[in-house]
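Here are the chains, one letter per residue:
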Amino acid sequence: MVKVLIVSPFRKGKLIESVVSNIENYEVVNTAPLQLCTLLKSQGYEVAYLSLQNVFRTFEKKDIDRLEEILGKYLCEVLIVHTDYYMNNANVACLYSINLIIDIVKKNRPNSKVIYCGKLTEMLGVDLLEEHLPKVDVAIRGEAEPVIKTVLEFNYERYKNECVGCLYRKGSDIYSISGTNIIEDYNKLPPIEFDFLNETILELEKIGKDIKALPISIRTSYGCPYSCRFCENTEDWHKYRKKDKRILLSEIRNLKEACNNRLQLVFISDELFTLDIEHIKEVKSVFEDNNIIVNGLFSHVSDITKEKVELLRNITKSIIFGGESSLDSVLNISNKNSSYEKIVESAKLVKSSNIAVGFEWIVGLPNMRVEDYLLDLNNIYKLIACEIVDFIEPYVFVPHPNTYFYNNCRNIGMTICGKNEDMLEEGGFSTVSYKDGLSNKQITVMYLIYRYVIEEAEKAKGHISKNMKAGCVNIEDFKDYIGEFL
Ligand code: SF4
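Note on numbering: residues in each chain are counted from 1, in written sequence order. For this predicted model, a pLDDT threshold of at least 70 governs which residues receive local features, and a threshold of 80 or more governs which side-chain atom pairs are given and counted, while totals over whole chains, interfaces and linings are taken from all residues. The side-chain numbers reported here are obtained from all heavy atoms of the structure, hydrogens and water having been left aside.

Engineer: What am I meant to see in the overall build of the protein chain here?
Structural biologist: What the protein chain contains, in helices and strands, is 20 helices and 18 strands. Computation of the radius of gyration draws on C-alpha atoms alone. For the globule rule, the value is 2.2 Å times the number of residues to the power 0.38. The C-alpha atoms of the protein chain give 23 Å as radius of gyration, which agrees with the globular expectation for 486 residues (23 Å, within 12%). Taken over the C-alpha atoms alone, the protein chain extends approximately 70 × 50 × 45 Å along its principal axes. Relative to its full complement of 486 residues, the protein chain shows a buried share of 56%. Contacts: residue pairs with any heavy atoms within 4.5 Å of one another. Pairs at least 24 apart in sequence give 76% of the contacts found in the protein chain among residues at least 6 apart. For the protein chain, the exposed surface amounts to about 20,500 Å²; the carbon and sulfur share of it is 48%. Charge convention: Lys and Arg are scored as positive, Asp and Glu as negative, and His as well as the terminal groups of each chain are ignored. By convention, charge coordinates are those of NZ in Lys, CZ in Arg, CG in Asp, or CD in Glu. Taking the 59 positively charged and 70 negatively charged side chains of the protein chain as two groups, their mean positions are separated by 2 Å. Helical segments are the DSSP runs of H or I of at least four residues, strand segments are the runs of E of at least two, and each set is numbered from the N terminus. Each residue gets one of three labels from its accessible area relative to the maximum for its type: buried under 20%, exposed over 50%, partly exposed in between, using a 1.4 Å probe on protein chains only. Throughout, the Shrake-Rupley method with a 1.4 Å probe supplies accessible areas, and for residues the shown protein chains are the sole cover considered.

And the structure:
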């Protein structure tokens, strides 16, 4: 039986985690790699899984001994590094830790093979094996499940005959077989088993964490119909697929019973959970039968309706939208299919059903001058202080490879700078500078100003008129305050 170790690599900690490196709350566990673990187990492989992203929320040089000790327990024949097929954020930012992990595994067992699964194969192309991951043997393009059995044979002639879209290394040469692998029907895969998280829990307990309810996110659908220019970057992005009630029911049962009942489902991480109303109804019935209410799920302001919101009322505490900006010019250049008016309408619609409404915001998108930032900050203040929205979470813009903005950076006047590990939306460090706009350092300062304005707006809740007029700014003073950073 081939011994396979699947790992989720870790990212650099957020700014706050450099200030407090032992934050007690747990990062939500992304269970997407468990789909591959479950499939391989059903195919007869001996599989172990480690979510190193959860074990190492921050990683310092001194942690290398612990990483070696953990990986030393798994003398695997094949290491599979899994960085998620959909989330951009779990990819480029992980390159540094993937190499650390591979070095240790190869030191322990020099003949072990390494397979990479995730978005990076499409994002970076041949550069992935040539420059970034020089010790990976095979990088699968697209979703690995349909071809993983063939890939694990390491018979490259078979790869060609069976059209396995991938990159592979033979001697010092790198070969590419065209095509992108896709799971046509997720319902034909075995329902996810969650006991694969036992090893991760064990490692967390060893560093003193008392795990009673490890927060878990699941996926019920895949793909997104929109083409936001900072996000879409894979060939099958629009191919929407969903899990049916039968599979979801089995997965929820597995989740509840796994790891001695110490997992707690808290989030649905589908790109756009609200796309298909029949799907919402199916998930709702599974959740209600199992008394599950998650903390949040994602929707889009052009997609939400009163009927959908009403259906969601008993299964989620909040609905989160990608707001990104209050400026229509920025939303248009980002191809967001949205407007400030729709943002406000959607927020009111959700709140009228007594569900909390939150927005993600992006600091550093193209087309922003200082005056635009000031107007955006003013709108954010009103949205929060007047309780039109319940929360706004700002992120820095990251130029993820193979997105429209990344591929057209020269036309946009955007220079990409900074290290791979800083390509992290929640990290707080900007990795772009604009010829006719702000530099990366100035965008980083602006991100902190967004956090400051959000905090001030939170304090003002309940103390100001809900009809407060928006747009009253003092550009001269604003430039004075932050002048030395601009
Ligand atoms: S709607 Fe959301 S998930 Fe879809 S392309 Fe836009 S940002 Fe990405």
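Engineer: When you look at the sheet that holds strand E3 (residues 46-51) in this model, what are you seeing that I'm missing?
Structural biologist: Pairing between sheet strands relies on hydrogen bonds along the backbone, with the strands arranged either parallel or antiparallel. When DSSP finds two or more bridges between two strands, those strands count as paired. Taken together, the 7 strands give an open sheet; going across it, the order is E3-E1-E4-E5-E6-E7-E8, and neighbouring strands pair in mixed fashion. What marks the edges here is a single partner per strand, and that holds for E3 and strand E8 (173-177). Between one strand and the next, the sheet's axes are offset by a mean angle of 20°, whatever the strand orientation. For strand E5 (residues 113-117) and strand E6 (residues 138-140), the ladder comprises 3 bridges, and the chain directions are parallel. Paired with Tyr116 across the bridge in E6 is Ala139. Angular values range over 0 to 180 degrees, each being the angle between N-to-C directions of two axes fitted as lines to C-alpha atoms, with helices fitted over their stretch in contact. Each of strand E1 (3-8), strand E4 (78-82) and E5 touches helix H5 (residues 95-108); the most contacted strand, E4, lies at about 170° to it.

Engineer: Help me understand unusual backbone geometry in this model?
Structural biologist: Apart from glycine, the bulk of residues carry a negative phi angle, and the bulk of peptide bonds sit in the trans form. Phi is positive for Asp84, close to 80°, though the residue is something other than glycine. Mapped onto the elements of the fold, Asp84 is located in the loop between E4 and H5. For Asn260, which is not glycine, the phi dihedral falls at a positive 55°. Along the chain, Asn260 falls in the loop between helix H11 (245-257) and strand E12 (263-268). Judged by relative accessible area, Asn260 falls into the exposed class, the value being 63%.

Engineer: Would you take a moment to explain the sheet that holds E12 for this structure?
Structural biologist: An order of E2-E9-E12 is seen for the 3 strands of this open sheet, with the pairing classed as parallel. The sheet is open, and its two borders are formed by strand E2 (29-30) and E12, each paired with just one other strand.

Engineer: Hey, could you run me through the pattern of salt bridges in this one?
Structural biologist: Any two side chains of opposite charge can pair, given that their charged atoms come close. Whenever a carboxyl oxygen of Asp or Glu lies within 4 Å of a side-chain nitrogen of Lys or Arg, that contact is scored as a salt bridge. This structure, assessed with the given rule, holds 34 salt bridges. Between Arg241 and Glu143 there is a salt bridge; the shortest N-O distance is 2.9 Å. Here Arg241 is found in strand E11 (residues 241-242), whereas its partner Glu143 is found in the loop between E6 and helix H8 (148-151), with 98 residues between them in sequence. Residue class for Arg241 comes out buried when judged on its relative accessible area of 6%. According to the relative accessible area criterion, Glu143 is buried, its value standing at 4%. In this structure, Lys461 and Glu458 form a salt bridge, with 3.1 Å as the shortest nitrogen-oxygen distance. Taking relative accessible area as the criterion, Lys461 reaches 23% and is therefore assigned partly exposed. The exposure class of Glu458 is partly exposed, given its relative accessible area of 33%. A network of salt bridges, in which partner residues are shared, links Glu60, Lys62 and Asp63.

Engineer: What is the right way to read the pairing of E3 from this model?
Structural biologist: In regular strands, side chains alternate between the two faces of the sheet. Burial runs high along E3: 5 of the 6 residues are buried. As defined by bridge partners, E1 adjoins E3 across 6 bridges and the pair is classed as parallel. From the neighbouring strand, Val4 faces E3, where its bridge partner is Val47.

Engineer: Got a minute to help me understand the side chain of Ser318 in this structure?
Structural biologist: Its location among the elements puts Ser318 in strand E14 (residues 318-324). At 2.6 Å, the side chain of Ser318 and the backbone oxygen of Asn295 are in polar contact. When near neighbours in sequence (up to four residues on either side) are disregarded, Ser318 contacts Asn295, Gly296, Leu297, Ile355, Ala356 and Phe391. Pairs of N or O atoms within 3.5 Å make up the polar contacts considered here, provided that, within protein, one atom can donate a hydrogen while the other can accept it, and that residues adjacent in sequence are counted only when both atoms are side-chain atoms.

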